[in-house]
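What the coordinates show
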Amino acid sequence: MDFLSKSDIAEVQASYQDLGPSKGYLTNVFYRRLFAIAPQARPLFPEDMSEQMSKLESMLDFLVNNLHQPMFLAGKIKRLARRHVTYGAEPAHYELVGEALIFALDDLTPGGLTDERKLLWGQVYGFVSTTMIDAAYSKAS
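Read on for an overview of the structure.

1. A look at the packing of helix H4 (residues 70-87) against helix H6 (residues 115-137)
Relative to each other, H4 and H6 sit at 55°, their axes nearing to 8 Å. On the basis of their axis angle, the class for H4 and H6 is oblique. Here the hand of the crossing between H4 and H6 comes out right-handed. Residue-level contacts link Pro-70, Leu-73, Ala-74, Ile-77, Lys-78, Leu-80, Ala-81, Arg-82, His-84 and Val-85 of H4 to Phe-127, Val-128, Thr-131, Met-132, Ala-135, Ala-136 and Tyr-137 of H6. Residues belonging to the contact of H4 with H6 are distributed by class as follows: 13 nonpolar, two polar and two charged.

2. What about helix H2 (residues 26-37)?
The end-to-end C-alpha separation of H2 is 17 Å, in line with the 16 Å expected for twelve residues at 1.5 Å each. Along H2, the residues that are buried comprise Leu-26, Thr-27, Val-29, Phe-30, Tyr-31, Leu-34 and Phe-35. Residues of H2 that are buried in the fold lie against helix H1 (6-17), helix H3 (50-65) and helix H5 (91-108).

3. Examining the packing of aromatic side chains
If you walk through the whole model with that rule in mind, you get six aromatic pairs. Three or more aromatic residues link up through ring pairs in this structure, and these residues are Phe-30, Tyr-31, Phe-35 and Phe-45. Stacked on the ring of Phe-103, the Lys or Arg Arg-33 has its end atom at 4.4 Å from the ring centre. Over the ring of Phe-62 we find Lys-76, and its NZ or CZ is 5.0 Å from the ring centre.

Cut-off values and rules
- Residues numbered from 1 in each chain as written.
- Predicted model: local features only at pLDDT ≥ 70, side-chain atom pairs only at ≥ 80, totals over all residues.
- Heavy atoms only, no water.
- Axes fitted to C-alpha atoms, helices over the stretch in contact; angles between N-to-C directions.
- Helix = DSSP H or I, 4+ residues; strand = E, 2+ residues; numbered from the N terminus.
- Parallel < 35°, antiparallel > 145°, perpendicular 65-115°, else oblique.
- Left-handed = near helix turned anticlockwise from the far one by under 90°.
- Contact = heavy atoms within 4.5 Å.
- Nonpolar A, V, L, I, M, F, W, Y, C, P; charged D, E, K, R; others polar.
- Expected span 1.5 Å × (residues − 1).
- Buried < 20%, exposed > 50% of the residue type's maximum accessible area, 1.4 Å probe, protein only.
- Phe/Tyr/Trp six-rings, centres within 6.5 Å; stacked < 30°, edge-to-face > 60°.
- Lys NZ or Arg CZ within 6 Å of the ring centre and 35° of its normal.

Rendered as structure tokens:
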């Protein structure tokens, strides 16, 4: 179940590190973009987003640091997916979340993400979203 090569993982990790001090703003830019493109999603979140932003930042750190262990990641992602169903997340939301994530990464990366890095982040998010949707909504889960 290798979804990225070692060099691809290193490239994703490097792109995350390239955010530098801007990394602290990633979740803010992400949610601002998400609510701009999907205002219907705003009511699914608490008024005070501080804890939610902290949780997302921790999850992104965990994800980037564990890309070399996709089976381990998948277990955590599946549990997260099942919780998201109880929050009102729907399969259609996942594409919007991916769009907002790539936007935020591109916006905060000095000079923007290269096409290669956008593609790699798309693959990472594709793995996450497919795993979450399958775990949360398939009858086999």
